[in-house]
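A closer look at the structure
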Amino acid sequence: MVLSNHFARYALVPWNEGLAKADEEAAFARYCFAKIHGERSKDWDLRLSPAQPGAARVASAVDAPLVQAVSSAFSSRAKLVSLSLT
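In this convention, every chain numbers its residues from 1, walking through the sequence in written order. With the structure being a predicted model, the display of local features is reserved for residues of pLDDT at least 70 and the display and counting of side-chain atom pairs for 80 or more, all residues being used for whole-chain, interface and lining totals. Calculation of side-chain values draws on the structure's entire complement of heavy atoms; hydrogens and water are dropped beforehand.

Thoughts on the overall build of the protein
Numbering of helices and strands runs from the N terminus; a helix is a DSSP stretch of H or I covering at least four residues, while a strand is a stretch of E covering at least two. Across its full length, the protein holds 2 helices and 3 strands. Along the protein, from the amino end to the carboxyl end, the secondary structure elements read β-α-β-β-α. Residue contacts are counted whenever heavy atoms from the two residues lie within 4.5 Å of one another. Taking all contacts inside the protein whose residues are at least 6 apart in sequence as the whole, residues at least 24 apart take part in 50%. Here the protein displays about 5900 Å² of accessible surface, and carbon together with sulfur accounts for 56% of that area. In short, Shrake-Rupley with a 1.4 Å probe defines the accessible areas, and a residue's cover is counted only from the protein chains shown.

Some words on the sheet that holds strand S3 (residues 57–63)
Paired strands, in this sense, are two strands between which DSSP finds at least two bridges. The strand order across the open sheet formed by 3 strands is S1-S3-S2, and the pairing between neighbours is antiparallel. Taken across any chain shown, the strands that pair with only one partner, and hence form the sheet edges, are strand S1 (8–13) and strand S2 (44–48). For this sheet the average axis-to-axis angle between neighbouring strands, irrespective of direction, equals 25 degrees. Bridge analysis of S2 against S3 gives 5 bridges, and the strand direction is antiparallel. In the sheet register, Asp45 faces S3, and the bridge partner there is Val62. The axes used here are C-alpha line fits, helices contributing only the stretch in contact, and every angle between their N-to-C directions lies in the interval 0 to 180 degrees. Sitting on the sheet, helix H1 (residues 22–37) touches S1, S2 and S3, and the angle it makes with S2 is about 120 degrees. In this fold helix H2 (residues 64–73) packs onto S2 and S3, with an angle of close to 70 degrees to the strand it touches most, S3.

Printed below as a string of structure tokens:
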């Protein structure tokens, strides 16, 4: 399943050499969204694109309740394997 861009937000996350772990990168991406969208971004489900060291990354965000609703809609009829936020 692919979710429409209408429901997603995007941010360009700059390279930060001080980040060594995936959870640090995710926290930095969340910080970038908070700078743009404020408090409402705290409950968004975030994804980061892969990138080479030194390169910026694209991050996408969708309201977490929407992701949960889509997942639960498929629980009785079919197995939702992936929700692509591209």
